[in-house]
Amino acid sequence: MGSVKPQSHAPAPSGRPRTPWRWACTVLVTVLLATPALGTPTLQPELGLDEGTAPSEEGPLLLHLPSPIGDLDYRAGRGLRVGNSGLTIGGFATAVGEILEGGKRDGGIDSLNFLISYRPLSFVHLFSEVELTEPLFLESGKEGLRAQAETSVDRLYADFGSSDAINLRVGQFLTPIGRWNLAPADPLVWTTSEPLLVEEVFDDTVKGAMLWGTLFPHQQALAYSLYGTFFNPITPDPDAVEPKHVAGARFEWTGVGGTSLGLSYSASQKHGGDPWHSLVGVDGEWLPHERVDFTCEALFGEGPRTNGAVNAFFIQGVVRTVSTLYVVGRYERFDTTRERAVDLFDLGLTWVPSPALRIKADYEFADHSDDRSPPGFRFSFSVLF
Amino acid sequence: MRRRVLTAMLLAMLLAGVSRADDDTRIAVVVHPSRQTVLSSEILTQIYLRRRRFWDDGAPIVPLNLAAGTPLRRTFSRLVLGQGEDRLAEYWNREYFHGVLPPATLASTRAIVRYVASDPNAIGYVPIDEVDASVRVVLSLP
């Protein structure tokens with residue numbers, strides 16, 4: 001997603017067969033090829049309505065081009081819509097820089113991510129995120145600009161369903177643990193760095209299937225997801241250890257006004273025959289005032305990326321000050337049985353000149369030197385397109 | 001100079017008056033006449049945040065908005081969504097990351113009535129005095 005997550009160094013990915021991916025790709029291609037004939041776009045501007053009566057997507061229109069497959073409309077921060085095909089292509093880009101204590105400096109274009117969304121039918125949604133990592137980077141101690149971009153498919157899945165209560169997702173998708181990992185892109189978060197409990201404990205994606213939906217008890221929203229791994233990653237990372245099995249669940253209650261509370265559970269087995277380990281997460285968001293936002297997450301147990309138990313939590317506060325300048329503060333405690341506990345502090349400013357742009361500068365420091373979170377000043381510029 | 005100040009004050013009072021009038025506008029939430037549904041303001045919130053995406057019969061809900069910044073939309077957002085425009089923009093940025101776009105917009109309340117009258121899956125909001133027999137009112141606000 002927005003930043004490159006450190007991977008643990010250990011041997012060999014598991015040996016699950018790749019056949020399910022071939023099967024999934026075949027299904028996706030079949031749906032893609034079959035749908036132009038069946039397609040019923042969600043929006044139907046061709047209901048015999050005249051110019052100006054047809055609905056259009058939200059946001060300022062920056063580009064409008066007629067084409068044989070329909071009008072190409074581009075809106076800032078909402079992507080390029082291809083006629084009434086149901087296809088939207090957008091994304092985000094992030095430039096970062098850091099000046100760390102000890103003298104290390106680097107900066108450049110951290111990532112360029114494309115979001116591809118296709119709704120060929122009202123009950124089918126195909127989605128993918130493709131990332132180009134570090135297309136241009138400058139690092140202290142090395143000469144010249146580095147341009148060794150690598151492409152990876154971060155997400156690729158298909159959603160099927162025609163009710164709010166139950167849907168099926170198949171593919172590679174973000175692991176539903178906590179709330180940060182469900183929207184980890186730089187233009188969506190308030191600090192340049194991620195909490196350790198998001199980076200170090202569990203895989204950021206699930207490669208398998210998920211039942212998900214939203215129920216409305218007492219007219220409030222209760223979202224749930226139940227998932228399990230079945231596939232290998234689309235873009236395998238040779239340095240990463242893929243757990244043999246992961247299964248889990250998440251429930252999130254959201255009240256009117258946006259305040260919400262989440263509960264996550266994940267069980268994982270690193271290798272066949274190993275014992276299963278459990279990880280429990282609790283998270284919440286509280287909006288006491290239009291200008292104030294508090295979020296917190298806590299994890300207890302053992303995740304697929306940890307050796308031994310983890311007890312970790314963070315609490316983050318965001319306060320809007322003058323105009324669209326926000327003051328951000330975060331405290332995190334990350335405690336594992338194998339390493340010394342670390343207390344991390346992150347203080348910064350975020351300026352949102354428009355909803356699609358975010359400029360951040362923050363300073364992170366810890367109660368003691370820790371390789372996982374080197375103290376220093378970091379800044380970033382990110383844009384949704 | 002004094003005249004300019006007075007003119008500016010008068011203009012501000014007029015605009016404040018317009019805004020107050022918009023706040024006092026009664027809003028009708030309308031659907032196609034064939035859709036026999038009952039809505040509460042809480043369900044309407046879930047629909048306009050696109051958490052509730054389907055009608056009970058499995059058809060996709062097509063929520064319609066007015067353009068950002070229009071007084072009626074501001075009033076509707078305050079009454080139904082309970083969040084300011086900035087916080088909603090944050091919300092829609094996160095949804096965009098998952099391929100979900102905000103409700104489509106139409107240029108006028110008249111266009112909303114026309115569209116809702118022609119699409120059984122659509123839902124929109126208009127001033128209550130603009131409702132005609134081509135649509136069905138499912139909720140009045142406030």
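Attention in this report is confined to the structure presented alongside it.

Procedures and definitions
Residues numbered from 1 in each chain as written. Chains lettered and ligands numbered in written order. Predicted model: local features only at pLDDT ≥ 70, side-chain atom pairs only at ≥ 80, totals over all residues. Heavy atoms only, no water. Phe/Tyr/Trp six-rings, centres within 6.5 Å; stacked < 30°, edge-to-face > 60°. Buried < 20%, exposed > 50% of the residue type's maximum accessible area, 1.4 Å probe, protein only. Lys NZ or Arg CZ within 6 Å of the ring centre and 35° of its normal. Contact = heavy atoms within 4.5 Å. Buried area = accessible area lost by both parts, 1.4 Å probe. Salt bridge = Lys/Arg side-chain N within 4 Å of Asp/Glu carboxyl O. Polar contact = N/O pair within 3.5 Å; in protein donor to acceptor, adjacent residues only side chain to side chain. Patch = residues over 30% accessible without salt bridge, like charges linked within 9 Å, V, L, I, M, F, W, Y side chains within 5 Å. Areas by Shrake-Rupley, 256 points an atom, 1.4 Å probe, with all protein chains shown as cover. Helix = DSSP H or I, 4+ residues; strand = E, 2+ residues; numbered from the N terminus. Pairing = 2+ DSSP bridges. Axes fitted to C-alpha atoms, helices over the stretch in contact; angles between N-to-C directions.

**Quick notes on the packing of aromatic side chains**
Residue and element names in this part refer to chain A.
Alright, step 1. Across all of its chains, the model carries 16 aromatic pairs over all chains by this definition.
Alright, step 2. Judged by centre distance (6.0 Å) and plane angle (35°), the rings of Tyr-363 and Phe-365 are tilted.
Alright, step 3. With relative accessibility at 30%, the residue Tyr-363 sits in the partly exposed group.
Alright, step 4. Three or more aromatic residues joined by ring pairs make a cluster, and in this case those are Phe-313, Tyr-331, Phe-345, Tyr-363 and Phe-365.
Alright, step 5. The ring centre of Tyr-157 lies 4.1 Å from the NZ or CZ of Arg-169, which sits over that ring.

**What about the interface of chain B and chain A?**
Alright, step 1. Facing 43 residues of chain B, the contacting portion of chain A comprises 66 residues.
Alright, step 2. Taken together, both faces of the contact between chain B and chain A bury some 4,300 Å²; the carbon and sulfur share is 52%.
Alright, step 3. Summed over the shared surface of chain B and chain A, the number is four salt bridges.
Alright, step 4. With a shortest N-O distance of 3.1 Å, A:Glu58 and B:Arg73 are connected by a salt bridge.
Alright, step 5. Where chain B meets chain A, there are 21 residue pairs in polar contact (both at pLDDT 80 or more).

**With respect to a nonpolar patch on the surface**
Residue and element names in this part refer to chain A.
Alright, step 1. A surface patch of nonpolar side chains, about 810 Å² in accessible area, is lined by Ile-166, Leu-168, Leu-211, Leu-226, Phe-251, Leu-263, Tyr-265, Val-280, Val-282 and Phe-300.
Alright, step 2. Those elements that place two or more of their residues in the nonpolar patch are β13 (260-269) and β14 (277-289).
Alright, step 3. Within the element layout of this structure, Tyr-265 appears in strand β13.
Alright, step 4. With a relative accessible area of 36%, Tyr-265 lands in the partly exposed category.

**Some details on unusual backbone geometry**
Alright, step 1. Of the consecutive residues B:Leu141 and B:Pro142, the connecting peptide bond is found in the cis state with omega at -10°.
Alright, step 2. Position of B:Pro142 among the secondary structure elements: in the segment after β5 (136-141).
Alright, step 3. Backbone geometry places A:His218, a non-glycine residue, at a positive phi of 50°.
Alright, step 4. Note on placement: A:His218 falls in the loop between β10 (205-215) and β11 (221-229).

**What about the sheet that holds strand β1 (residues 27-31) of chain B?**
Residues and elements named next belong to chain B.
Alright, step 1. Taken in spatial order, the five strands line up as β3-β2-β4-β1-β5 in an open sheet, and their pairing is mixed. Looking along the sheet, the strands with just one partner apiece sit at the ends: β3 (104-106) and β5. On average, each strand axis in the sheet is inclined to that of its neighbour by 35°, with strand direction left out of account.
Alright, step 2. Bridge count for β1 against β5 is five bridges, and the pairing is antiparallel. Pairing of Ile-27 across the sheet is with Leu-141, part of β5.
Alright, step 3. Here helix α2 (residues 41-48) sits on the sheet and contacts β1, β2 (62-66), β4 (122-127) and β5; the angle it forms with β4, its principal contact strand, is near 115°.

**Describing the pairing of β2(B)**
All names here are of chain B.
Alright, step 1. A large share of β2 lies buried, amounting to five of its five residues.
Alright, step 2. Pairing between β2 and β4: two bridges, direction parallel. In the sheet register, Val-62 faces β4, and the bridge partner there is Ala-122.
Alright, step 3. Here three bridges tie β2 to β3, and the two strands are oriented parallel to one another. Pairing of Leu-66 across the sheet is with Leu-106, part of β3.

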